[in-house]
Amino acid sequence: MDVKDGTENMNSALADKLSQSKHYYWFLVGFLVLLSALGSFVNDMYTPALPEMSRFFGCSVPIAQMGLTMGMIGLAVGQFVLGPVSDKYGRKPVMVLSVSVFIISAIASVFSPNIHVFNICRLFQGMGASGGYFLARTIPADVYTGRGLAKLMALIGAINGIAPASAPVIGGLTADAYGWKGVFVVLVLFAAVILVMSLNMRESLSDAKRNIGSVWHSLSGYKGLLANKPFVTHVCLKGVSLGLLFAYISSSPFILQTHYGLSQTNYGLVIGFNAIFMVVGTMVALKFKLLKNAAVAGAFILVFGACGEAFALYRIHSIWVYELFMIIVLFALGLIFTSSNTLAMNEGRRQAGEASSLLGIAGYVVGAVVSPLVGMGNILHSTAIAYVAITILVIFFAIKTKLLAPDLDK
């Protein structure tokens with residue numbers, strides 16, 4: 001028996017063990033949903049308060065949006081460092097440390113004397129949330145492969161669709177009632193619940209599968225992953241697609257509240273409704289025999305939705321048309337996210353920590369660049385340009401994915 005067969009047998013045995021313990025299986029699903037949601041909440045929940053914060057701190061729109069950028073940078077840097085650390089020391093210690101960092105930095109942000117201190121706190125919030133975000137992909141890859149991995153990740157993704165759907169609603173209601181500071185108090189309480197639940201979490205990475213040597217030596221694992229062409233292709237597809245989602249997240253509060261006059265609460269309700277269609281996309285992706293075909297289908301649907309949205313932002317100026325095309329865009333992104341996530345983790349599963357980190361980093365690098373750009377000049381026009389530019393990149397990497405050999409059922 002070679003190393004590959006031995007690893008797959010251990011994964012199969014662990015998967016069988018978890019399947020036999022249905023109570024823990026569903027606890028794990030719920031726990032992973034909350035971990036992943038923390039990465040989503042760190043941005044989505046306070047976006048309804050961005051216009052209010054811009055007024056509160058007396059700063060420009062791009063400076064207010066830099067809070068999103070700093071959070072994304074923190075998410076990217078945190079994943080880059082914590083991926084190898086989790087491969088050496090295990091998933092649970094990294095999760096506890098990262099969530100603790102998030103709680104401390106979220107509390108500090110409430111007492112920020114100016115926007116610059118607040119944005120620095122956002123950097124550490126992103127770093128803290130990054131642990132949960134990448135572990136929600138890494139832990140399933142410790143246990144499952146192929147279609148089994150796809151089903152678990154799609155299940156987590158579908159349930160976790162509640163996060164982008166509910167976060168703006170909760171954030172809008174909280175901001176209306178208690179101001180922007182109340183949003184971060186709620187985030188602290190949410191993270192505290194995760195920390196308490198972690199007491200029942202079992203370590204998914206056995207001692208035998210952990211990296212030996214120093215953490216710095218473990219960082220060299222990134223080199224091998226970056227030399228894996230299929231893995232890099234899937235990561236790039238996920239990255240540019242996630243960049244488009246962040247362009248939407250950072251521009252929508254100013255478009256829907258400032259331009260179309262919605263309240264923070266109504267903005268949250270609209271964004272929550274839109275997110276449901278992304279959840280539908282994640283589930284529809286599983287209907288495809290080959291997940292790469294779901295990615296390609298999503299990319300071409302995205303062309304229609306994003307180009308239609310861009311035209312609407314330039315010429316039509318109707319909230320109903322804006323909503324129609326955005327629903328199409330989010331459905332297409334759901335198709336792409338499920339397929340690119342699963343394909344990338346299937347390729348990089350032997351270094352799951354680093355693979356999950358790179359998968360997350362790619363999106364936040366694009367998002368960190370895009371978020372302040374959509375606030376420059378006329379936000380309707382800059383957002384339209386960003387949508388079209390990113391969609392071109394999505395099509396490019398979707399076609400490259402289509403040309404790869406099927407790899408899901410290895």
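Residues numbered from 1 in each chain as written. Predicted model: local features only at pLDDT ≥ 70, side-chain atom pairs only at ≥ 80, totals over all residues. Heavy atoms only, no water.

Draft legend 1. Summary view of the overall build of the protein chain. The helix and strand inventory of the protein chain stands at 17 helices and 0 strands. A buried classification covers 61% of the 410 residues belonging to the protein chain. Partitioning the contacts of the protein chain with sequence separation of at least 6, the portion at a separation of at least 24 is 86%. Accessible surface, the protein chain: about 15,800 Å² in total, of which carbon and sulfur atoms supply 72%. (Helix = DSSP H or I, 4+ residues; strand = E, 2+ residues; numbered from the N terminus. Buried < 20%, exposed > 50% of the residue type's maximum accessible area, 1.4 Å probe, protein only. Contact = heavy atoms within 4.5 Å. Areas by Shrake-Rupley, 256 points an atom, 1.4 Å probe, with all protein chains shown as cover.)

Draft legend 2. Representation of the packing of aromatic side chains in the model. Enumeration according to the criterion identifies 15 aromatic pairs in this entry. Seen from their ring centres, phenylalanine 57 and tryptophan 180 are 5.5 Å apart, and the 50° between their planes marks the pair as tilted. A residue pair is termed long-range when its members are at least 10 positions apart, and phenylalanine 57 in helix H3 (residues 50-57) and tryptophan 180 in helix H9 (residues 180-197) qualify at 123 residues. Tryptophan 180 shares its class with phenylalanine 57; the two are buried. Among the aromatic residues, those joined into a cluster by ring pairs are Tyr46, Phe56, Phe57, Phe118, Trp180 and Phe184. The ring centre of phenylalanine 337 lies 5.6 Å from the NZ or CZ of lysine 238, which sits over that ring. (Phe/Tyr/Trp six-rings, centres within 6.5 Å; stacked < 30°, edge-to-face > 60°. Lys NZ or Arg CZ within 6 Å of the ring centre and 35° of its normal.)

Draft legend 3. Expanded view of the confidence of the model for the protein chain. In the predicted model, the protein chain carries a mean pLDDT of 81, and 85% of its residues have values of at least 70. Predicted confidence in the protein chain is weakest over helix H1 (residues 3-20), with a mean pLDDT of 48, and strongest over helix H17 (residues 379-402), with 92. Within the model, the stretch residues 1-10 combines pLDDT values under 50 with 6 contacts to residues more than four positions away or in other chains. (pLDDT = per-residue confidence, 0-100.)

Draft legend 4. Examining the packing of helix H4 (residues 61-89) against helix H12 (residues 229-259) more closely. Their axes nearest at 11 Å, the elements H4 and H12 cross at an angle of 150°. Here H4 lies roughly antiparallel to H12, going by the angle between them. In this structure, the crossing between H4 and H12 has a hand that is right-handed. For the pair H4 and H12, the contacting residues are Val61, Gln65, Leu68 and Met72 in the first and Phe246, Ser250, Ser251 and Phe254 in the second. Grouping the amino acids of the contact of H4 with H12 by side-chain chemistry returns 5 nonpolar, 3 polar and no charged. (Axes fitted to C-alpha atoms, helices over the stretch in contact; angles between N-to-C directions. Parallel < 35°, antiparallel > 145°, perpendicular 65-115°, else oblique. Left-handed = near helix turned anticlockwise from the far one by under 90°. Nonpolar A, V, L, I, M, F, W, Y, C, P; charged D, E, K, R; others polar.)

Draft legend 5. Geometry of the nonpolar core. Within the largest apolar cluster, 95 residues are counted, with the highest numbers of intra-cluster contacts made by Leu245, Tyr248 and Leu302. Tallying contributions element by element places H12 first for this core, with 12 residues. Every residue in contact with tyrosine 248, bar those within four places of it in the chain, is listed here: Ile271, Asn274, Tyr322, Met326, Leu330 and Tyr387. Grouped together as the second largest cluster of nonpolar side chains are 11 residues, Ala141, Val235, Ala355 and Leu359 included. (Core = buried A, V, L, I, M, F, W, Y, C linked by side-chain atoms within 4.5 Å.)

Draft legend 6. Main features of the packing of H12 against helix H13 (residues 264-284). Between H12 and H13, the least distance of the axes is 10 Å, while the angle of their chain directions is 145°. Once H12 is placed against H13, the crossing between them reads as right-handed. Of H13, the residues touching H12 (which contributes Leu245, Tyr248, Ile249, Ser252, Pro253, Leu256 and Gln257) are Gln264, Tyr267, Val270, Ile271, Asn274 and Met278. Looking at side-chain class alone, the contact of H12 with H13 contains 9 nonpolar, 4 polar and no charged residues.

Draft legend 7. Seen up close, unusual backbone geometry. One non-glycine residue, histidine 317, lies in positive phi territory at about 55°. Along the chain, the position of histidine 317 falls in the loop between helix H14 (291-316) and helix H15 (319-347).

Draft legend 8. Up close: a nonpolar patch on the surface. A cluster of nonpolar side chains, Ile73, Val77, Phe80 and Val81, forms an exposed patch at the surface whose accessible area comes to about 300 Å². Tracing the backbone shows valine 77 in helix H4. With a relative accessible area of 38%, valine 77 lands in the partly exposed category. (Patch = residues over 30% accessible without salt bridge, like charges linked within 9 Å, V, L, I, M, F, W, Y side chains within 5 Å. Salt bridge = Lys/Arg side-chain N within 4 Å of Asp/Glu carboxyl O.)

Draft legend 9. Seen up close, the environment of valine 374. Secondary-structure assignment places valine 374 in the loop between helix H16 (352-373) and H17. Judged by its relative accessible area of 0%, valine 374 falls in the buried class. For the pair formed by valine 374 and phenylalanine 246, sequence separation is 128 residues and the distance between their alpha carbons is 9.9 Å. Setting aside residues no more than four positions away along its own chain, valine 374 makes contact with Gln65, Ala247, Ser250, Ser251, Ile379, Ser382, Thr383 and Ala386.

Draft legend 10. Structural view of H17. Taking 1.5 Å of rise per residue, the 24 residues of H17 would be expected to cover 34 Å, and the 34 Å separating its terminal C-alpha atoms lies within 8% of that figure. A side-chain oxygen of the first residue of H17 lies 2.9 Å from the backbone nitrogen of leucine 380; this N-cap is asparagine 378. (Expected span 1.5 Å × (residues − 1). Polar contact = N/O pair within 3.5 Å; in protein donor to acceptor, adjacent residues only side chain to side chain.)

Draft legend 11. Fine view of H9. Between the first and last C-alpha of H9 there are 27 Å, a value that for 18 residues agrees with the 26 Å anticipated at 1.5 Å per step. Three or more residues of H9 are buried, namely Trp180, Gly182, Val183, Phe184, Leu187, Val188, Phe190, Ala191 and Ile194.

Draft legend 12. Molecular detail of the side chain of threonine 69. Inspection of the secondary structure puts threonine 69 in helix H4. By relative accessible area, which is 4% here, threonine 69 ends up buried. Those residues in contact with threonine 69 that lie beyond four places of it in its chain are Ala368, Ser371 and Pro372.

Draft legend 13. Examining the environment of threonine 233 more closely. Within the secondary structure layout, threonine 233 lies in helix H12. The spatial distance from the C-alpha of threonine 233 to the C-alpha of isoleucine 399 is 9.8 Å, given a sequence separation of 166 residues. Once you skip the residues sitting within four places of it in the chain, threonine 233 turns out to touch Phe397, Lys400, Thr401 and Leu404.

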